[in-house]
Amino acid sequence: MAIDSDEVRSRADELLDAGAHDPLDTMRHSAAHVMASSVMQLFPEARLGIGPAIKDGFYYDFELPRPLTPADLEAIEAKMREQVAADVPFERSELSRDEALAELEHSGQPFKVEIVRELPADPPQVISFYRHDGFVDLCRGPHVPSTGRLGPFKLLNSAAAYWRGDETRPMLQRIYGTAWDTQADLDRYLWRLEEAKKRDHRKLGRELDLFTFHPESPAAPFWHPRGMALWRALEAWSLEVRRDGGFAEVRTPSLVRRELWQQSGHWDLYQDNMFVLDADEHVAGLKPMNCPEEILVYKTRARSYRDLPMRFADYSTLFRKERTGALAGLFRVRQLTQDDSHVFCREDQVADELRLALNLVQRQFAPFGFLPTFKLATRPEKKLGSDEFWDMAEGRLREALDAEALAYQLDPGGAAFYAPKVDVFIEDALGREWQMATIQLDYQLPQRFDLEYRSGEGHFERPVMIHYAIYGTFERFTGIIVEHFAGAFPLWLAPVQVMVVPIADRHLEYASEVREALDAAGIRAEIDDRSERMQAKLRDAQEQQIPVMLVVGDRDQEARAVSPRLRTGASSQGVPLEEFVQELGRRVASRELWPRAEPASEEAGSPSEQREASTAAS
RNA sequence: GCCGAAGUAGCUCAGUGGUAGAGCAACGGUUUCGUAAACCGUCGGUCGUGGGUUCGAGUCCCACCUUCGGCUCCA
């Protein structure tokens, strides 16, 4: 690293510094400096915020006299390229804290002054600056040796950001950029952004006729028949996983009086996110979570240690008044449905129940091709409960992770103040990471609601609660898989699994028979009975990403056969109808990831083999 | 909530103060076809909503609604 190793730094600084010397991050941070100096050339009165390297790129925050336009970004980028061509060295200099403050006050950089002021004065430390091409910036470094060493970069967009993320502080303008080691990396990243735009679930949702949004009920999807078919397929699988895990389904009311939320603590801590209604004399809220109501179900009778664990699945709709600016398609809605699970168990059952939870998570994600990864969030600084309690609770989670032989990362201090948790992540086809389930251990609510069960010795004991939703919400998960599969769902999920394509009107009757056979096997099939050419019907079915098209013409009708064409382009002719229906039934029942387009790189086999339909090729 | 941008036919978009357009879709007719778009014709718009400026507003101004990007990555 370029920084003096004997520089005295606070422990906090060292932590901030840790991992900052990845060469790519260093280069990106240098790119942020080059961008800042370009902005200063165009807007000499600009005040500088911060400019770190981030995942995939960098940003820099500025206070500017006016909002930036796309044309400004182009101008800034052009200046940056001039600096790269000039290949100016980065030079480090050091000042004492007082000198640094004086210098920054003099140059009119109040945000930088604030940063230096917050650095501890004791022990005294040197404040480093980096200069290139007449532009000086407070910076810990390190940097690349000179501006010519920047990799291929591109400015992406500008948007507002509060100084230090605090909405009471001034609003700055943030410019985001991306930078990579090679042009190929940059191209790949830009392709990924482009691809993400193409797959945007809001666009595909409308094109595939799954759901729409309307100003009449903002931030809440209207599910169309095809979207609902997808929802039910997701739901059926999730319920199957729960049933096998020993869960029983419950359903609890949406509108619940204030008193319950007061007891659960939501009234104090979560009311801002709740829709509150004045129902006659009684104030009530639309539920943002299920747990307090599952507790009411638990408490309807005296429970015994023999009853535990009790596992409830509740898929009812929740309401959360999210900030309007946070809403985003299916990813953030105000009416949501979780595949919610609550377990009430004895202390000695916690480890097994956690293990069950981890097991169900893996199982439920498997048919999507998702391999979940795990993060154990441990005690924060501000916490409830003794160190012994945390040792025990964290130990239980570790034990469960180990018992399932799962690798996991640590998120030190990441737990809620009352208990540790395991966060579950999946990565989609574009390499984006999504946080999914959180498996939360809860000793608080049982206490607040004075839950108990009768132990074998006749005492009253307090149960422990474990909460988790695996998909999270159906809404958000649908958004994720629409983008993950780019609308090309595997057969078991596809809203329309089979489109029967009669070649001419005289085949309509046989097409109906085919559809009925599919229907009897529980396969979602439709007939394209428009007076269109077969080619047009196939094209439309392809565009709808329907996995299987069954062409039926004279030859098929005569042989009581079908000619399947898959979304992947593979096709074959004269497959006996019953045989094909059975094959599809098998694939649906086993929730195969099928049909899948062969990766372009794996060009194996002769063209004729590739065109060979489905049946054997999986 | 805050900052910025956007909203024209079902969809994608053109229209920079002077008569609202195109392609696709839809609808009607012809066509009945063997693996990704048949042909001909017709319909379709309170230009997000409300107000204002103007002889005249899709276009300029204001307010509101909805949507999009960001406000989490900390020298």
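Remember, predicted model here, so these are calculated numbers, not experimental data.

1. Brief notes about the pairing of strand 18 (residues 373–377)
Point 1. Judged from the 5 bridges that link them, strand 18 and strand 20 (residues 421–427) form a sheet pairing that is antiparallel. Note on strand 20: the bridge partner recorded for phenylalanine 374 is valine 424.
Point 2. Handedness of the crossover joining strand 18 and strand 19 (residues 408–411) through helix 13 (residues 387–403) is recorded here as right-handed.

2. Side note on the packing of helix 12 (residues 350–365) against helix 13
Point 1. One can describe the packing of helix 12 onto helix 13 by two numbers: an axis separation of 8 Å at closest approach and a directional angle of 50°. By the angle between their axes, helix 12 is oblique relative to helix 13. Seen from above, helix 12 lies across helix 13 with right-handed handedness. Contact residues: helix 12 offers Val350, Ala351, Leu354, Arg355 and Leu358, while helix 13 offers Arg396, Leu397, Glu399, Ala400, Leu401 and Ala403.
Point 2. For the contact of helix 12 with helix 13, the per-class residue count stands at 8 nonpolar, no polar and 3 charged.

3. Observations concerning the protein's contact with RNA strand B
Point 1. Neighbouring RNA strand B are 55 residues; Cys139, Gly165, Met171, Thr324 and Arg506 lie closest to it.
Point 2. Each atom of RNA strand B within 4 Å of the protein was assigned to sugar, phosphate or base; sugar and phosphate come to 52%.
Point 3. Separating a base nitrogen of RNA strand B from a side-chain N or O atom of serine 563 is a distance of 2.6 Å.
Point 4. Residue arginine 565 places a side-chain N or O atom 3.1 Å away from a sugar or linking oxygen belonging to RNA strand B.
Point 5. Looking at the surface near RNA strand B, the elements that each hand over two or more residues are strand 2 (53–54), strand 5 (127–132), strand 7 (153–162), strand 8 (171–179), helix 7 (201–207), helix 17 (534–543), helix 18 (554–559) and strand 28 (561–566).
Point 6. At 6 residues, the largest contribution of residues to the surface near RNA strand B is made by helix 17.
Point 7. Each residue belonging to the surface near RNA strand B can be placed in one class, and the counts come to 26 nonpolar, 13 polar and 16 charged.

4. Digging into the nonpolar core
Point 1. With 63 residues, the main nonpolar core has Phe368, Leu441, Phe477, Ile481 and Leu493 as its most contacted residues.
Point 2. In terms of residue count, helix 12 provides more of this core than any other element does, 8 residues in total.
Point 3. In this view, leucine 441 contacts Val350, Leu354, Ala393, Leu397, Tyr418, Ala419, Pro420, Val464, Met465 and Ile466; residues no more than four positions away in its chain are not counted.
Point 4. Of all hydrophobic cores here, the second largest spans 29 residues; its members include Val34, Val39, Phe58 and Leu68.

5. Quick look at the packing of helix 8 (residues 225–244) against helix 15 (residues 474–485)
Point 1. The N-to-C vectors of helix 8 and helix 15 enclose an angle of 105°; their axes lie 11 Å apart at closest approach. Between helix 8 and helix 15, the angle is such that the two are roughly perpendicular. Residues Leu230, Trp231, Leu234 and Glu235 of helix 8 form the contact with helix 15, whose participating residues are Phe474, Glu475, Phe477, Thr478 and Ile481.
Point 2. Residue composition of the contact of helix 8 with helix 15, grouped by class: 6 nonpolar, 1 polar and 2 charged.

6. Let's talk about the pairing of strand 28
Walk down a regular strand and you will see the side chains alternate between the two sheet faces.
Point 1. Where burial is concerned, most of strand 28 is hidden: 5 out of the 6 residues are buried.
Point 2. Bridging between strand 27 (residues 548–552) and strand 28 involves 4 bridges; their strand directions are antiparallel. For valine 548, the partnering residue across the bridge sits in strand 28 and is leucine 566.

7. Topic: the packing of aromatic side chains
Point 1. All told, the structure shown has 26 aromatic pairs when counted by the stated rule.
Point 2. Taking the centre distance of 6.4 Å and the plane angle of 75° together, the rings of phenylalanine 370 and phenylalanine 477 count as edge-to-face. Residue phenylalanine 370 is located in the loop between helix 12 and strand 18, and its partner phenylalanine 477 is located in helix 15; the two are separated by 107 residues in the primary sequence.
Point 3. A network of ring pairs unites the aromatic residues Phe211, Phe213, Trp223, Trp231, Tyr315, Phe365, Phe368, Phe370, Tyr471, Phe474, Phe477 and Trp492 as a single cluster.
Point 4. Over the ring of phenylalanine 153 we find arginine 81; its NZ or CZ atom is 4.3 Å from the centre of that ring.

8. So, the sheet that holds strand 14 (residues 282–286)
Point 1. Here we have 3 strands laid out as an open sheet, ordered 12-14-13, and antiparallel in their pairing. Of all strands in the sheet, those with a lone pairing partner are strand 12 (255–257) and strand 13 (276–279), marking the two edges. Between one strand axis and the next, the sheet turns through 40° on average, direction left out of account.
Point 2. Pairing of strand 12 with strand 14, which is carried by 3 bridges, proceeds in the antiparallel orientation.

9. Some remarks on the environment of leucine 156
Point 1. Mapped onto the secondary structure, leucine 156 falls in strand 7.
Point 2. Between the C-alpha atoms of leucine 156 and glycine 57, which are 99 residues apart in sequence, the distance is 9.7 Å.
Point 3. With residues near it in sequence (within four places) discarded, leucine 156 still touches Leu73, Tyr176, Gly177, Thr178, Tyr189, Leu190 and Leu193.

10. Brief notes about the pattern of salt bridges
Point 1. Across all of its chains, the model carries 45 salt bridges by this definition.
Point 2. Taking the shortest distance from any N to any O, the salt bridge between glutamate 114 and arginine 169 comes out at 2.8 Å. Taken together, the residues span a long stretch of sequence, with glutamate 114 in helix 5 (residues 110–118) and arginine 169 in the loop between strand 7 and strand 8 at a distance of 55 residues.
Point 3. The class of glutamate 114 is buried, set by a relative accessible area of 17%.
Point 4. Look at arginine 169 and you get partly exposed, because its relative accessible area is 29%.

The rules behind each value
Residues numbered from 1 in each chain as written. Chains lettered and ligands numbered in written order. Predicted model: local features only at pLDDT ≥ 70, side-chain atom pairs only at ≥ 80, totals over all residues. Heavy atoms only, no water. Pairing = 2+ DSSP bridges. Helix = DSSP H or I, 4+ residues; strand = E, 2+ residues; numbered from the N terminus. Right-handed = clockwise from strand over helix to strand, strands pointing away. Axes fitted to C-alpha atoms, helices over the stretch in contact; angles between N-to-C directions. Parallel < 35°, antiparallel > 145°, perpendicular 65-115°, else oblique. Left-handed = near helix turned anticlockwise from the far one by under 90°. Contact = heavy atoms within 4.5 Å. Nonpolar A, V, L, I, M, F, W, Y, C, P; charged D, E, K, R; others polar. Near = heavy atom within 4 Å. Polar contact = N/O pair within 3.5 Å; in protein donor to acceptor, adjacent residues only side chain to side chain. Core = buried A, V, L, I, M, F, W, Y, C linked by side-chain atoms within 4.5 Å. Buried < 20%, exposed > 50% of the residue type's maximum accessible area, 1.4 Å probe, protein only. Phe/Tyr/Trp six-rings, centres within 6.5 Å; stacked < 30°, edge-to-face > 60°. Lys NZ or Arg CZ within 6 Å of the ring centre and 35° of its normal. Salt bridge = Lys/Arg side-chain N within 4 Å of Asp/Glu carboxyl O.

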